[in-house]
Amino acid sequence: GGGCLCDVFLHTAKGRFYKTMCADDILHPDCLKTEYDFLYAHPAIDFCFSNARYIDAEGNTMHGSFLAKRGAQFAHCKDLCAELLKLYYQGKSVVPWTTLLFKRECFTKIELDFSFVMQFDMAVLLSLCLNNKNVGYIHEMLVSYRIHGGQISSSKNKEAVYTYSFFEVIRFLNIFLNIKINNNS
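Note on numbering: residues in each chain are counted from 1, in written sequence order. Selection of residues for local features in this predicted model requires a pLDDT of at least 70, selection of side-chain atom pairs for listing and counting requires 80 or more, and totals for whole chains, interfaces and linings are taken over all residues. Note that the side-chain values use all heavy atoms of the structure and ignore hydrogens as well as water.

## Section: helix 4 (residues 80-89)
Right, on to step 1. With a 1.4 Å probe rolled over the protein chains alone, any residue whose accessible area is under 20% of its type maximum counts as buried; one over 50% counts as exposed, and the rest are partly exposed. Comment: elements are numbered from the N terminus, with helices defined as DSSP H or I runs of at least four residues and strands as E runs of at least two. Of the residues making up helix 4, those classed as buried are L80, C81, L84, L85, L87 and Y88. Projected down its long axis, helix 4 shows its buried positions confined to an angular sector of 165°, all on one face.
Right, on to step 2. Backbone geometry just after helix 4 places G91 at a positive phi near 85°. For this quantity, the arc is that covered by the directions from the helix axis to the C-beta atoms.

Dropping the structure here:
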């Protein structure tokens, strides 16, 4: 799954930045430059993301966007990591994986669980936020997020999603229980 591939990638990649990709999504022509320029202009930011436009299997633009469908708004958010943690706690995956660009040093001294398959993206982002990494939001659509029937994470395949991700729920509960324990101590 995604976790195993990311483990190999993080141990072999040599660049200053890590870009996430999904095989069926499309980066807009200015995506990488916009993300790089954003991180360069905001040196305190460790990683960034943007919204994503929905497209169908043939690449036609669909109504809505990734964040609009999830009711997430980050335009005026003062503490983006706290907001992401709150939304993840509510079970909402609100960051389109393909829109992320990370500085390499994000992953130093961070322990990641690479055994996640369906929810690896959420596990990575939770780990980064819990380790006080700074996140930035770019107010542009930089990626086209493809929706199609064969997509495992699609709402059309809820049974497959539940089957593949059921075992991961316990580990997410542990993450959130640790937050509560650490905040009360």
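Next comes the rest of the write-up.
## Regarding the nonpolar core
Right, on to step 1. Formed by 43 residues in total, the largest nonpolar core has its most connected members in F49, F74, L84 and F102.
Right, on to step 2. Breaking this core down by element, the ones donating at least two residues are helix 2 (31-41), strand 3 (47-55), helix 3 (66-70), helix 4, strand 5 (101-103), helix 5 (120-130) and strand 6 (135-146).
Right, on to step 3. Pairs of residues are marked as contacts when any of their non-hydrogen atoms sit within 4.5 Å. Sequence-distant contacts of L84, that is, excluding residues within four places in its chain, are made with F49, F74, V94, V95, C129 and V135. Here the nonpolar core consists of buried residues drawn from Ala, Val, Leu, Ile, Met, Phe, Trp, Tyr and Cys, with membership extended through side-chain atoms lying within 4.5 Å.

## Focus on the side chain of K19
Right, on to step 1. Along the chain, the position of K19 falls in strand 1 (residues 17-19).
Right, on to step 2. Polar contacts, as counted here, are pairs of nitrogen or oxygen atoms within 3.5 Å of one another; within protein the pair requires one atom able to donate a hydrogen and one able to accept it, and residues that are adjacent in sequence qualify only if both atoms are side-chain atoms. Side chain to side chain, K19 and E35 meet in a polar contact 3.1 Å long.
Right, on to step 3. At 3.1 Å, the side chain of K19 and the backbone oxygen of L100 are in polar contact.
Right, on to step 4. Those residues within four positions of K19 in sequence are excluded, and the remaining contacts are L27, C31, L32, E35, T98, T99, L100 and L101.

## Examining the packing of aromatic side chains
Right, on to step 1. Planes of paired rings set the category: under 30 degrees apart is stacked, over 60 is edge-to-face and the rest tilted, where pairs are Phe, Tyr or Trp rings (Trp by its six-membered ring) whose centres lie within 6.5 Å. One pass over the structure, following the stated rule, counts nine aromatic pairs.
Right, on to step 2. Ring centres of W97 and F102 lie 6.2 Å apart, and the angle between their planes is 55°; this geometry places the pair in the tilted category. Each member of the pair, W97 as well as F102, is classed as buried.
Right, on to step 3. Here a set of aromatic residues connected by ring pairs shows up, and it is made of F17, Y36 and Y40.
Right, on to step 4. Criterion for a charge above a ring: Arg CZ or Lys NZ at most 6 Å from the ring centre, at most 35 degrees from the ring normal. It is R70 that lies over the ring of F66; its NZ or CZ is 3.5 Å from the centre.

## Notes on the state of the cysteines
Right, on to step 1. To count as a disulfide, a pair of cysteine sulfur atoms needs to be within 2.5 Å. What the rule picks out here adds up to zero disulfides.
Right, on to step 2. Lacking any disulfide linkage, C31 is separated from the closest cysteine sulfur, that of C48, by 8.5 Å.

## So, the side chain of T98
Right, on to step 1. Turning to its location among the elements, T98 is positioned in the loop between helix 4 and strand 5.
Right, on to step 2. Engagement of the side chain of T98 in a polar contact is seen with the side chain of D25, the distance being 2.8 Å.
Right, on to step 3. Contacts of T98, omitting those with residues within four sequence positions, involve K19, T20, M21, C22, D25, L27 and V143.

## A short note on the pairing of strand 3
Right, on to step 1. Most of strand 3 is tucked away, with eight of its nine residues classed as buried.
Right, on to step 2. Pairing between two strands requires that DSSP report at least two bridges joining them. Bridge count between strand 3 and strand 5: two bridges; the pairing is antiparallel. Of the residues in strand 5, the one forming a bridge with F47 is F102.
Right, on to step 3. By the bridge criterion, nine bridges tie strand 3 to strand 6 in an arrangement that is parallel. From the neighbouring strand, F49 faces strand 6, where its bridge partner is Y137.
Right, on to step 4. Here two bridges tie strand 3 to strand 4 (residues 61-65), and the two strands are oriented antiparallel to one another. Counterpart to I55 in the pairing with strand 4 is T61.
Right, on to step 5. Following strand 3, the chain reverses through five residues before pairing antiparallel with strand 4; G59 in that reversal takes a positive phi of roughly 95°.

## Thoughts on unusual backbone geometry
Right, on to step 1. A positive phi angle, close to 60°, is found at N132, a residue other than glycine.
Right, on to step 2. With respect to the secondary-structure elements, N132 resides in the loop between helix 5 and strand 6.
Right, on to step 3. Of the residues examined, N132 reaches a relative accessible area of 66% and is grouped as exposed.

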